[in-house]
Amino acid sequence: MGHLITVATCNLNQWALDFEGNTKRIIESIHKAKEAGASLRVGPELEICGYGCLDHLLEQDLYLHSLQCLEIILRDESCYGILLDIGMPILHRNVRYNCRVICLDGRILLIRPKLYLAGDGNYREQRFFTPWLRPQYCEDYYLPRMLQKLQKSTKVRIGDAVISTPDTTIGCETCEELFTPDPPHNHMSLNGVEVITNSSGSHFTLRKLNTRMQLITEATRKNGGIYIYANQQGCDGDRLYCCAMIICNGKLLAQGSQFGLTDVEVVTATIDLEEVRAYRFAPSRGLQAVKAPVYERIETWFELSSEAGDLDPHRVPSLEIQPRYHSPEEEIAFCTGAYLWDYLRRCGAAGYLVPLSGGMYETATIVFSMCRMVIEAVKAGNEQVIADVKRLAKFSEKIPETPEDLCGQIFHTVYMGMSKQSSKETRQRAKDLAEAIGAYHVNLDIDEVYNAQRNLIVNTLNFEPKFKVEGGSIAENLTLQNIQARSRMVTAYEFAQILPSTRKRPGGGSLLVLGSANVGESLRGYLTKYDCSSADINPIGSIDKSDLKRFIAWAEVNFNLPCLHDFLTAVPTAELEPITETYVQSDEADMGMTYDELTVFGRLRKVDKLGPYGFQRLVHEWGPNRPRAGDDKTPVYTPKQVAEKVKRFFHYYAIVSTPLYRSHSVRSHWLGV
């Protein structure tokens, strides 16, 4: 009996409800795994229907179509000769489960439901599925007629079991289960399972890869064994997925790309099973193993290894590699770039538009990052990306050769200024950035639109509103600012609709408007409802200003954009009030706190889950008695000053969110909330 096994995992760019496309990509990944000599292929969570189906996961149609796609895979003999771990939803005894289906040569060996569902952050799996709250328990699942003929049986086992081959034992763990305090891999490893597969739909967040990597390496370093982690790839509504990997005995053997534009990425590793067995020598482990819970074993004749493979001198175990981590600045550049490209190529729009008024530059820089990634993929010969570029970049039959060329075809910037409120410096910075990245730039003033709206008040109410610097009240000042802000939003959508036509783009089309409100501004409520923060997509909506500033400093050097330096040194301003010799509007002055302080508030509120009382820790962290290093820029405030800032933050907290009165159940199903 052989000892060397080759296993495969994958990143798949699956689309919600794209049953035909998803099935095609699954089959392609199986073919790639077989070509690499793998005997086991692991796919992402819910890969057949796509993870982000929201309330469609409650529909009977989705379960029917998922089974039909599984039938296509099972009937395809090109997918034989390899053990398959496929993620899909299953309806069992009128209960919906998030499952893994383990298949071999056209037949199902086991259906393994998810034990523990993700319900924190932006996950709400309990809305759609029921957890299989019975570890080590199995029962019969009665197959639909379409699968009975293939299975040559009316039923298969469903539950928390493991697969036993002549040479090893394989167990399944699904996404969230890895993150629980008592994960299933502990019990399976003690029960003799040597290969753990994890089918995941784990979305990207800044600085998360290190946590995920540590969990898996520590799991196998403690228990020994092989851990195969699969994940989705690309954009799925409001998330981005990334990074498959294979780890053995705490050593990383293979790692997929964290941010790629490839629809089907398969990574493999060759491992000696004897290394796992030798690693588990400790007597203390043996004492726990004899008392470990027992799993039902589903037996199969199929072997992951072969004696011929052991005798092949060209087949060698994979060597340990060092994990590839990106800096937070790189993560922002690549994650948002990959997300925007995936969104654009799926939706059928002609490109993007960003209003640059007020110095909103981070989003424009991110679009340039997207174009850089796309051109790099084109040069690497990525056929899918090349096809998408040909479909989107219609101003020339020639494929763009540089990021600037691509930007000029699909990216549009508009500076919407005012004669009194907008500075020459801001207008010039917008022009310089657009030229540097190659965007199609429009420079205009909205004074006429603004004056028309202002005159409605003058002529209708016989009242002339004034800005604060002109002696006006708070209400007058806000009214006049909001006229400008909302006029910019209307103008942005107006130009997004017409620019492809005025540029004579073949086939016309329209543009998606990108937003530029960061997470801190949203938490603080520092934006106008239905201004330029209203957009089709906001790529920086979950990123705080501090991280964005570091990203811009990084992009200045790595993207060779020296013009970004002026943005970093400029005072952040909405430019909605008149500029005088003694007054220039400042975002931080308006908010009553700096962006760095807002970052701290946001993390205390959303990450540490603290309320106003819990914020008293800032009395110590910002107090004068705190030990400080020479370069420590932490502010120094008295307890009274801290209290004033905390009360201001919570007074305005999420104030611009629009409440939804729910009086009809259909409404929530439409929204998927």
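Scroll up to find the structure.
All of the points below concern the structure found in this document. Everything quoted here is computed from the prediction, not taken from an experiment.

### Focus on the overall build of the chain
Okay, so step 1: On a plain count of helices and strands, the chain comes out with 24 helices and 21 strands.
Okay, so step 2: Relative to its length of 673 residues, the chain is compact, with a C-alpha radius of gyration of 28 Å against a globular reference of 26 Å.
Okay, so step 3: Among the 673 residues that make up the chain, the fraction classed as buried is 54%.
Okay, so step 4: Carbon and sulfur atoms make up 53% of the accessible area of the chain, which totals about 29,500 Å².
Okay, so step 5: Here the chain carries 74 positive and 82 negative side-chain charges, and the mean point of each set is 4 Å from the other.

### Here we look at the pattern of salt bridges
Okay, so step 1: According to the stated counting rule, one finds 34 salt bridges in the structure shown.
Okay, so step 2: What you see here is one network of salt bridges that share partners, running through Asp 263, Asp 342, Arg 345, Arg 346, Asp 388 and Arg 391.

### A look at the pairing of strand β11 (residues 226-232)
Look at any regular strand and the pattern is simple: side chains alternate between the two faces of the sheet.
Okay, so step 1: Here β11 lies mainly inside the structure; seven of its seven residues are buried.
Okay, so step 2: Burial along β11 is two-sided: Ile 226, Ile 228, Ala 230 and Gln 232 facing one way and Tyr 227, Tyr 229 and Asn 231 facing the other are all buried.
Okay, so step 3: Here strand β1 (residues 4-12) runs beside β11; their pairing, made up of two bridges, is parallel. Opposite Asn 11, over in β11, you have Asn 231 as the bridge partner.
Okay, so step 4: Relative to β11, strand β10 (residues 195-199) runs parallel, the two being bridged by five bridges. Each residue of the ladder has a partner; that of Thr 197, found in β11, is Ile 228.
Okay, so step 5: Taking the sense of rotation as the criterion, the β-α-β connection linking β10, helix α6 (residues 209-223) and β11 turns out right-handed.
Okay, so step 6: Relative to strand β14 (residues 245-248), β11 runs antiparallel, the two sharing four bridges. Bridge pairing in β14 links Tyr 227 to Ile 247.

### What to know about unusual backbone geometry
Okay, so step 1: Positioned with a positive phi, Leu 46 is a non-glycine residue whose angle comes to about 50 degrees.
Okay, so step 2: Structurally, Leu 46 is set in the loop between β2 (40-42) and α2 (60-75).
Okay, so step 3: The buried category is assigned to Leu 46, whose relative accessible area is 1%.
Okay, so step 4: At Leu 54, a residue that is not glycine, the phi angle is positive and equals roughly 50 degrees.
Okay, so step 5: Along the chain, Leu 54 turns up in the loop between β2 and α2.

### A short note on the pairing of strand β5 (residues 107-113)
Okay, so step 1: Of all seven residues in β5, six are buried; the element is thus mostly enclosed.
Okay, so step 2: Strand direction decides the pairing type here: strand β4 (residues 95-104) and β5, joined by six bridges, are antiparallel. Within β5, the position partnered with Val 101 by the bridge is Ile 111.
Okay, so step 3: Hairpin geometry of β4 and β5 is characterised by an intervening segment of two residues between the two adjacent antiparallel strands and by a positive phi of about 50 degrees at Asp 105.

### Looking at the sheet that holds strand β18 (residues 351-355)
Okay, so step 1: The parallel open sheet is built from four strands, whose spatial order is β20-β19-β18-β21. In this open sheet, the two edge strands, each paired with only one partner strand, are β20 (440-445) and β21 (511-513). With direction set aside, neighbouring strand axes in the sheet form an average angle of 25 degrees.
Okay, so step 2: Where β18 meets β21, three bridges bridge the pair, whose relative direction is parallel. Paired with Tyr 352 across the strands is Leu 512, a residue of β21.

### Comments concerning the side chain of Thr 197
Okay, so step 1: Its place among the elements puts Thr 197 in strand β10.
Okay, so step 2: On the basis of relative accessible area, Thr 197 is assigned to the buried category, the value being 1%.
Okay, so step 3: Within the structure, the side chain of Thr 197 is placed 2.8 Å from the side chain of Asp 85, a separation counted as a polar contact.

### Quick look at the nonpolar core
Okay, so step 1: Core analysis: the biggest nonpolar cluster contains 74 residues, and Met 245, Trp 341, Tyr 352, Met 370, Val 374, Phe 411 and Ile 437 have the highest contact counts within it.
Okay, so step 2: In this view, Phe 411 contacts Tyr 352, Val 354, Ala 364, Val 367, Ile 437, Ala 439 and Tyr 440; residues no more than four positions away in its chain are not counted.
Okay, so step 3: Counting residues in each nonpolar core, the second largest holds 49 residues, with Phe 19, Leu 67, Cys 99 and Tyr 123 among its members.

### Focus on the packing of helix α11 (residues 362-379) against helix α13 (residues 403-410)
Okay, so step 1: Where α11 contacts α13, the axes come no closer than 8 Å and their chain directions differ by 120 degrees. When the axis of α11 is compared with that of α13, the two are oblique. In the crossing of α11 with α13, the sense of the turn from one axis to the other is right-handed. Along the contact surface, α11 presents Phe 368, Met 370, Cys 371, Arg 372, Val 374 and Ile 375, while α13 presents Pro 403, Glu 404, Leu 406, Cys 407 and Ile 410.
Okay, so step 2: Counted by class, the contact of α11 with α13 contains nine nonpolar, no polar and two charged residues.

### Some remarks on the packing of aromatic side chains
Okay, so step 1: All chains considered together, the criterion is met by 19 aromatic pairs.
Okay, so step 2: Taking 5.7 Å as the distance between ring centres and 55 degrees as the angle between the ring planes, the aromatic pair formed by Phe 601 and Trp 622 counts as tilted. Of the two residues, Phe 601 is situated in helix α21 (residues 595-607) and Trp 622 in the loop between α22 (617-621) and α23 (639-652); the sequence distance between them amounts to 21 residues. Of the two residues, Phe 601 and Trp 622, neither departs from the other in class, the shared state being buried.
Okay, so step 3: Ring centres 5.2 Å apart and planes at 85 degrees place the aromatic pair Phe 649 and Phe 650 in the edge-to-face group.
Okay, so step 4: The class of Phe 649 is buried, set by a relative accessible area of 0%.
Okay, so step 5: Put simply, the rings of Phe 601, Phe 615, Trp 622, Tyr 637, Phe 649, Phe 650 and Tyr 653 pair up and form one aromatic cluster.
Okay, so step 6: Sitting over the ring of Phe 567, Arg 429 keeps its end group 5.7 Å from the ring centre.
Okay, so step 7: Just above the ring of Phe 395 sits the side chain of Arg 503; from NZ or CZ to the centre is 4.3 Å.

### Re the environment of Asp 536
Okay, so step 1: Summarising the element assignment, Asp 536 is placed in the loop between α17 (519-524) and α18 (545-558).
Okay, so step 2: Of the residues examined, Asp 536 reaches a relative accessible area of 35% and is grouped as partly exposed.
Okay, so step 3: Separated by 302 residues in sequence, Asp 536 and Gly 234 place their C-alpha atoms 18 Å apart.
Okay, so step 4: Residue contacts for Asp 536: discarding those within four places in its chain leaves Tyr 493, Leu 511, Leu 512 and Val 513.
Okay, so step 5: At a separation of 2.7 Å, a polar atom in the side chain of Asp 536 contacts the main-chain amide nitrogen of Val 513.

### So, α18
Okay, so step 1: The first and last C-alpha atoms of α18 sit 19 Å apart over 14 residues, in line with the 20 Å expected at 1.5 Å per residue.
Okay, so step 2: Those residues of α18 that sit buried are Lys 545, Ser 546, Asp 547, Leu 548, Phe 551, Ile 552, Trp 554 and Ala 555.
Okay, so step 3: The N-cap residue of α18 is Asp 544: its side-chain oxygen and the backbone nitrogen of Ser 546 are 3.1 Å apart.
Okay, so step 4: Following α18 by one or two positions, Asn 560 adopts a phi angle in the positive range, close to 55 degrees.

Definitions and limits used
Every chain's residues receive numbers from 1 upward, in the order its sequence appears when written. In keeping with the model being predicted, local features are shown solely for residues with a pLDDT of at least 70 and side-chain atom pairs are shown and tallied solely at 80 or more, while totals for entire chains, interfaces and linings include all residues. For the side-chain quantities, the full set of heavy atoms in the structure was used; hydrogens and water were omitted. Labels follow the DSSP assignment, with helices taken as runs of H or I lasting at least four residues and strands as runs of E lasting at least two, numbered in each case from the N terminus. Computation of the radius of gyration draws on C-alpha atoms alone. For the globule rule, the value is 2.2 Å times the number of residues to the power 0.38. Accessibility here uses a 1.4 Å probe with only protein chains present; expressed as a share of the type maximum, an area under 20% marks a residue as buried, one over 50% as exposed, and anything in between as partly exposed. In short, Shrake-Rupley with a 1.4 Å probe defines the accessible areas, and a residue's cover is counted only from the protein chains shown. In this charge count, Lys and Arg are treated as positive and Asp and Glu as negative; neither His nor the chain ends contribute. Charge coordinates come from a single atom per side chain, which is NZ of Lys, CZ of Arg, CG of Asp or CD of Glu. Salt bridge, as used here, is a side-chain nitrogen of Lys or Arg placed within 4 Å of a carboxyl oxygen of Asp or Glu. Two strands pair under a simple rule: DSSP has to find at least two bridges between them. The definition of a right-handed crossover adopted here requires that, viewed with the strands pointing away, the path from the first strand over the helix to the second runs clockwise. Lines fitted to C-alpha atoms define the axes, with helix axes restricted to the stretch in contact, and inter-axis angles between N-to-C directions lie between 0 and 180 degrees. Two N or O atoms count as a polar contact when they lie within 3.5 Å, although within protein this holds only if one can serve as hydrogen donor and the other as acceptor, and sequence-adjacent residues are included solely when both atoms are side-chain atoms. Residues grouped as a nonpolar core are buried Ala, Val, Leu, Ile, Met, Phe, Trp, Tyr and Cys residues, joined through side-chain atoms within 4.5 Å. Any two residues whose heavy atoms approach within 4.5 Å are treated as being in contact. To sort the angles, those under 35 degrees are grouped as roughly parallel, those over 145 as roughly antiparallel, those from 65 to 115 as roughly perpendicular, and the leftovers as oblique. By definition, any crossing whose near helix is turned counterclockwise from its far helix by less than a right angle is left-handed, and any crossing with a clockwise turn is right-handed. Ten residues, namely Ala, Val, Leu, Ile, Met, Phe, Trp, Tyr, Cys and Pro, are considered nonpolar, four, namely Asp, Glu, Lys and Arg, are considered charged, and the remaining ones, Gly among them, are considered polar. Any two of the Phe, Tyr and Trp rings considered here, Trp counted by its six-membered ring, make a pair once their centres fall within 6.5 Å; the pair's planes then place it as stacked at under 30 degrees, edge-to-face at over 60, or tilted in between. In this scheme, the term charge over a ring applies when either NZ of a lysine or CZ of an arginine sits within 6 Å of the ring centre and within 35 degrees of the ring normal. To estimate how far a helix should reach, multiply one less than its number of residues by 1.5 Å.

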